[in-house]
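Here is how the chains run, residue by residue.
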Amino acid sequence: MLVQQSEAVVIERLGSYLRTLQPGINWVVPFVDQPRAITIRRYRESGGENVAYIVQETHIDRRETVLDFPGQNVVTQDNVTVTVNGALYFQILDPKLAVYEVENFIQAVEVLAKTSLRSEIGKMELDKLFESRAEVNQALQTTMDEVGDKWGVKVNRVEIQDISMPEEVEEAMRLQMAAERRRRATVTEANGEKEAAIARAEGEKRSAVLTAEGEREAAILRAEGEQKAIGMVLEAGGEGTDVDTVIGYLLGLEYLKRLPDIAKDGERVFVPYESSALIGALGSLQKVGANTADAGRALGLAGVSAASGSS
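Keep in mind the model is a prediction, meaning the values are calculated, not measured.

Reading the values: the criteria
Throughout this document, residue positions are counted from 1 along each chain, in the order its sequence is written. For a predicted model such as this one, the threshold for reporting local features is a pLDDT of at least 70, and the threshold for listing and counting side-chain atom pairs is 80 or more; totals across whole chains, interfaces and linings nevertheless cover every residue. To obtain the side-chain values, all non-hydrogen atoms of the structure were included, while hydrogens and water were left out. Put simply, DSSP H or I for four residues or longer makes a helix, DSSP E for two residues or longer makes a strand, and each gets a number counted from the N terminus. Expected helix span is taken as 1.5 Å per residue step, with the number of steps being one fewer than the number of residues. Under the scheme applied here, a residue whose accessible area is under 20% of the maximum for its type counts as buried, over 50% as exposed, and between as partly exposed, the area being computed with a 1.4 Å probe on protein chains only. DSSP calls a pair of strands paired once it identifies at least 2 bridges connecting them. Put simply, a salt bridge is a Lys or Arg side-chain nitrogen that is within 4 Å of an Asp or Glu carboxyl oxygen.

Turning our attention to helix 2 (residues 105-121). With 17 residues, helix 2 extends 24 Å from end C-alpha to end C-alpha; this agrees with the ideal 24 Å at 1.5 Å per step. Within helix 2, twelve of the 17 residues are buried, which leaves it mostly tucked inside the rest of the structure. Considered for burial, the residues of helix 2 that qualify are F105, I106, A108, V109, E110, L112, A113, K114, S116, L117, E120 and I121.

In structure tokens form, the structure reads like this:
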């Protein structure tokens, strides 16, 4: 008997197992040694659906084979019914066990994969299911390996191809996903506004500090200038001049300097005018200098000093 590469044939003699033929030419006794057929369940596409059919084969294919079993309804932990379509990759390692230990090993593998799949998915919620495909595949492969050794079958991979949900559940998930994206966008925008507000506050704080420092330094400089102006006026007035007189003089001088600027923006401006203030300033000026020359000199010096201090 000729056996092709990657094939095997189980031979029985008078109804009992004799041996497994390997690839190549093998000698058997006619009518006494007979090949034992193996029952295999396969699928073929008909009308857009996979239809199962049963075949009997004497030559057992030992290559890795894919079993694409139809989708089945599975209920998740949160009571959502989904349709799961899976694929299973297996290989026959021991043809004798595949023939004698199970009646239809492909059907047995398929049913075991489906029941294990229901059991694993039933432990998970719908949202967790999409994140745990690798975990489900690993659990299925572990279960299939435990039973497959008894049947002489090695399950190499178990993959979940597709998960279909009812339309209302799918629509709810889309709405949930859109709401989650809007929430993330809102959080991101709020964080950006928060950081911008903090940056603006830091800038305003720094600006206020710098402004306050500048005003403080300017006030110190003005005070120093006024102090120098008072000292110069005291020197110009001589020993008989007191501080109150000098301060009154400087105030009067400042008052006189501001008068021309009051009507600068209009044709007529009415302001309260106290002649006593001007008279007091002139009186202070008369006390500062003993004569007209001394008063003029004091006036010029005081004006220069006040201008430098106010600047």
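Once the structure has been displayed, the description carries forward.
The next point concerns the pairing of strand 11 (residues 81-92). Sheet topology places strand 9 (residues 65-67) next to strand 11; three bridges connect them, and they run antiparallel. By the bridge assignment for strand 11, L67 is matched with L88. In the sheet, strand 10 (residues 72-75) pairs with strand 11 via four bridges, with the strands oriented antiparallel. Looking at strand 11, one finds that V74 is bridged to V82. Taken together, strand 10 and the strand that follows it, strand 11, pair antiparallel across an intervening segment of five residues, in which N79 is found at a positive phi of about 60 degrees.

Turning our attention to the pattern of salt bridges. Between side chains of opposite charge, a pair can form as their charged atoms come close. Applying the stated criterion to the full structure yields ten salt bridges. Linking K114 and E110 is a salt bridge whose minimum nitrogen-to-oxygen distance equals 3.0 Å. With K114 and E110 both in helix 2 and four residues apart, this pair spans about one turn of that helix. Comparing K114 with E110 shows no difference in burial state: the two are buried. Its salt-bridge partner being R174, residue E171 comes within 2.5 Å of it at the nearest N-O pair. Taken as a pair, E171 and R174 lie in helix 5 (residues 167-237) at a separation of three residues, close to a single helical turn. Exposure remark for E171: the relative accessible area of 34% places this residue in the partly exposed category.

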